[in-house]
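# Results of the structural survey
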Amino acid sequence: PEALSALDRLLEAEGRSAELVEMVGRRAELADDPAARRALLERVATLQEQALQRPREAITAWRAVLAIEDADPRALDALERLYRAAGESRELVAILRELKGTRTILMTSHHLDEVQALADRVLWLEEGRPARMVKPELLLAELSTRGSA
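Thresholds, definitions, all that
Residues numbered from 1 in each chain as written. Predicted model: local features only at pLDDT ≥ 70, side-chain atom pairs only at ≥ 80, totals over all residues. Heavy atoms only, no water. Helix = DSSP H or I, 4+ residues; strand = E, 2+ residues; numbered from the N terminus. Expected span 1.5 Å × (residues − 1). Buried < 20%, exposed > 50% of the residue type's maximum accessible area, 1.4 Å probe, protein only. Arc of directions from axis to C-beta. Contact = heavy atoms within 4.5 Å. Polar contact = N/O pair within 3.5 Å; in protein donor to acceptor, adjacent residues only side chain to side chain. Axes fitted to C-alpha atoms, helices over the stretch in contact; angles between N-to-C directions. Parallel < 35°, antiparallel > 145°, perpendicular 65-115°, else oblique. Left-handed = near helix turned anticlockwise from the far one by under 90°. Nonpolar A, V, L, I, M, F, W, Y, C, P; charged D, E, K, R; others polar. Pairing = 2+ DSSP bridges.

### Thoughts on helix 5 (residues 73–85)
- Taking 1.5 Å as the rise per residue, helix 5 with 13 residues should run 18 Å; its terminal C-alpha atoms sit 18 Å apart, in good agreement.
- Among all positions in helix 5, only Ala75, Leu76, Ala78, Leu79, Leu82 and Tyr83 are buried. Relative to the axis of helix 5, the buried residues are bounded by an arc of 165 degrees and lie together on one face. Exposed residues on helix 5 whose side chains face more than 90 degrees from its buried face are Pro73 and Ala85.
- In this structure, the buried side of helix 5 is in contact with helix 3 (34–51), helix 4 (55–68) and helix 6 (89–99).
- At the N-terminal boundary of helix 5, the capping side chain belongs to aspartate 72, with an oxygen 3.1 Å from the backbone nitrogen of arginine 74.

So this is what it looks like as structure tokens:
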């Protein structure tokens, strides 16, 4: 492990990100400990996105993180950013829909289709303060009534 860490530092110092991703990815494949594997996959995802500018590969790596920990907040945040940038927010909605009922998820959104698909309850804010808690279908009915008035 120490030799691999030294090689890791060397590749990073030399800016050889593609080789570094390959090496870290291989280490992730071989890792027995789920926490270590997750940390290595997070590194792969970060390098893919930031150093190599490969959003598709970053998405694949972050999805692998979710396969280990289905509600990993860093992975969910990264996937939200990547999917929105790619115009594929439906992919994120599908991931969150899988978690619905197994986790409490706090999200903010102005996208009513996402709210309807994911939320059991909606906290309505007025002038930046909580006004009331409603079910998504009641919120949508109220908004459509306001829109037609």
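Back to the text.
### Focus: the packing of helix 1 (residues 2–13) against helix 2 (residues 17–30)
- At a closest axis distance of 9 Å, the pairing of helix 1 and helix 2 adopts a crossing angle of 155 degrees. With respect to their mutual orientation, helix 1 and helix 2 come out roughly antiparallel. Our pair here, helix 1 against helix 2, has a crossing hand that is left-handed. Packed against helix 1, whose contacting residues are Leu4, Leu7, Asp8, Leu11 and Glu12, the element helix 2 presents Glu19, Leu20, Met23, Val24 and Arg27 at the interface.
- Taken together, the residues of the contact of helix 1 with helix 2 break down into 6 nonpolar, no polar and 4 charged.

### What about the side chain of glutamate 49?
- Its place among the elements puts glutamate 49 in helix 3.
- Apart from the residues lying within four places of it in its own chain, the contact partners of glutamate 49 are Arg54, Ala58, Trp62, Arg81 and Leu82.

### Some words on the pairing of strand 1 (residues 122–126)
- Summarising the sheet, strand 1 and strand 2 (residues 129–134) pair through 5 bridges and their orientation is antiparallel. When the bridges of strand 2 are listed, valine 122 appears paired with valine 134.

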